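Inside the fold
Residue strings, one per chain:
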Amino acid sequence: MLTQTLPLRHVSEFAADIRESLTKSGQRELPSKYLYDEVGSALFETICVLPEYGLTRADARLLEKHAREIVRRLPSPVQVAELGSGSGKKTRWILEALSRRQKTFYYPIEISPSALAACEKELGQIDLVSVVGHEQPYLEGLRTVAEGRLHGNNLLVLFLGSTIGNFDRGAGEEFLRSVRAILHEGDALLLGTDLEKDIHQQLLAYDDPAGVTAAFNLNLLARINRELRGDFDLKCFRHEARWNAVERRIEMHLRSTCRQHVEIRDAGLRVTLDEDESIWTESSHKYRMGEAAEMGSRTGFRCEGLWVDEEWAFSQNLLIAE
Ligand SMILES: C[S@@+](CC[C@H](N)C(=O)[O-])C[C@H]1O[C@@H](n2cnc3c(N)ncnc32)[C@H](O)[C@@H]1O
């Protein structure tokens, strides 16, 4: 088998999600969480080192520079949960700073098994850090971690890389409210948000000339072919990144270059796509300075710290549950 596939219990959920999103009236969609199979997670890692995608480097610079100060502002002792950790490379700065003052328990929460394995390997080597991965969706994983917290410990939840931007604004706020409901007063959330910047620069970050982001996007169709016996012809789709000025987000689409019929056998689905019709696969909302703190205050947090990168407008926000 070429790539890791979903366990059987998830296949029917995958098929149902694809059926629902592809047959929606109006704009067709595919859920962005399915971008991250083994190939998708590897392509995402490559995106993170592209010169055009400054977001990850900005996030990492802030963590490297301010980890000690962030840790100083946390209650003690804390256990760390990370939502959608990916490979977890940037998290090293926080764990190293924390491990100087205490033995640290770190729980990455991931739906991509290959990303989770990479994270466990990457961060499992740090002295005085114990890593236990949870292959679960965000909130389910966070509930598991919160239920198992050691007596007298607070939680630090990491939600880095502006992954919150993948939610529509309302859903993002609802998500923060759900996170808050799982936490106790005094627990912390470190939330990374990518800030609005020059539109050309933003678009290039999601449509790099080497075509890595295009491959990441197209891999979603390839994954459906592999795992749900689909017959998408990838040559008949083109990657597109669009700036939606009203919603202040980059949208990734896959545009059909001709009228075509597609069958996805394990989803019991046949669809006809018109020439130029697009499938919307991901949103990356951009934020204004102070917006994360406002979202926090509407969802039960107060802002305890804000750090902004000088090269690439990106903010790190330390929110404390009230
Ligand atoms: C945009 S990447 C960010 C990765 C990393 N945090 C970073 O900053 O580079 C989002 C990560 O979240 C994971 N993910 C997406 N949806 C998820 C969900 N519903 N539950 C858990 N993990 C999810 C993906 O597999 C992916 O690794």
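Rules used throughout
Residues numbered from 1 in each chain as written. Predicted model: local features only at pLDDT ≥ 70, side-chain atom pairs only at ≥ 80, totals over all residues. Heavy atoms only, no water. Near = heavy atom within 4 Å. Polar contact = N/O pair within 3.5 Å; in protein donor to acceptor, adjacent residues only side chain to side chain. Nonpolar A, V, L, I, M, F, W, Y, C, P; charged D, E, K, R; others polar. Pairing = 2+ DSSP bridges. Helix = DSSP H or I, 4+ residues; strand = E, 2+ residues; numbered from the N terminus. Contact = heavy atoms within 4.5 Å. Axes fitted to C-alpha atoms, helices over the stretch in contact; angles between N-to-C directions. Domains from an automatic or database assignment. Buried area = accessible area lost by both parts, 1.4 Å probe. Phe/Tyr/Trp six-rings, centres within 6.5 Å; stacked < 30°, edge-to-face > 60°.

Focus on the site of the ligand
As a structural note, the neighbourhood of the ligand is formed by 16 residues, with Tyr36, Gly84, Lys90, Glu110 and Tyr138 the closest of them. For the ligand, a nitrogen atom lies 3.0 Å from a polar atom in the backbone of Tyr138. Looking at side-chain class alone, the shell around the ligand contains 6 nonpolar, 7 polar and 3 charged residues.

Looking at the sheet that holds strand 1 (residues 28–29)
A sheet is described by the order of its strands in space; here 4 strands give the open sequence 1-11-8-7, paired in mixed fashion. Of all strands in the sheet, those with a lone pairing partner are strand 1 and strand 7 (237–244), marking the two edges. Two strands pair when backbone bridges link them, and strand 1 and strand 11 (residues 278–285) are joined in this way by 2 bridges, in the parallel orientation. The partner of Glu29 across the bridge, within strand 11, is Trp280. Across the sheet, helix 9 (residues 212–228) touches strand 7, strand 8 (249–256) and strand 11, and the angle it forms with strand 8 is around 60°.

Some details on the domain arrangement of the protein
Segmenting the protein into domains produces domain 1 (2–31 + 201–285) and domain 2 (55–197 + 288–321). One C-alpha centre belongs to domain 1, the other to domain 2, and the line joining them spans 28 Å. On the domain 2 side, the residues contacting the 13 residues of domain 1 number 16 residues. For the pair domain 1 and domain 2, the summed buried area comes to about 1,300 Å², and 39% of that belongs to carbon and sulfur atoms.

Observations regarding the sheet that holds strand 6 (residues 188–194)
If you walk across this open sheet you meet the 7 strands as 4-3-2-5-6-13-12, and the pairing is mixed. The open sheet has two edge strands with one neighbour each: strand 4 (129–131) and strand 12 (301–308). Between one strand axis and the next, the sheet turns through 20° on average, direction left out of account. With 5 bridges joining them, strand 2 (residues 78–83) and strand 5 (residues 154–159) adopt parallel strand pairing. By the bridge assignment for strand 5, Val78 is matched with Asn154. Where helix 3 (residues 55–72) meets the sheet, it contacts strand 6, strand 12 and strand 13 (314–321), and its direction lies at approximately 45° from that of strand 13. Sheet strands touched by helix 6 (residues 138–147): strand 2, strand 3 (104–109) and strand 5. Its angle to strand 3, the strand with the most contacts, is close to 155°.

Concerning the packing of aromatic side chains
On inspection of all chains with the given rule, the structure shows 11 aromatic pairs. Between Tyr138 and Phe175, the aromatic rings sit 5.5 Å apart at their centres with planes inclined by 70°, giving edge-to-face as the arrangement. Here Phe175 lies in helix 7 (residues 169–182) and Tyr138 lies in helix 6, a separation of 37 residues in the sequence. Ring pairing ties together the aromatic residues Tyr138, Phe159, Phe167 and Phe175, which thus form one cluster.

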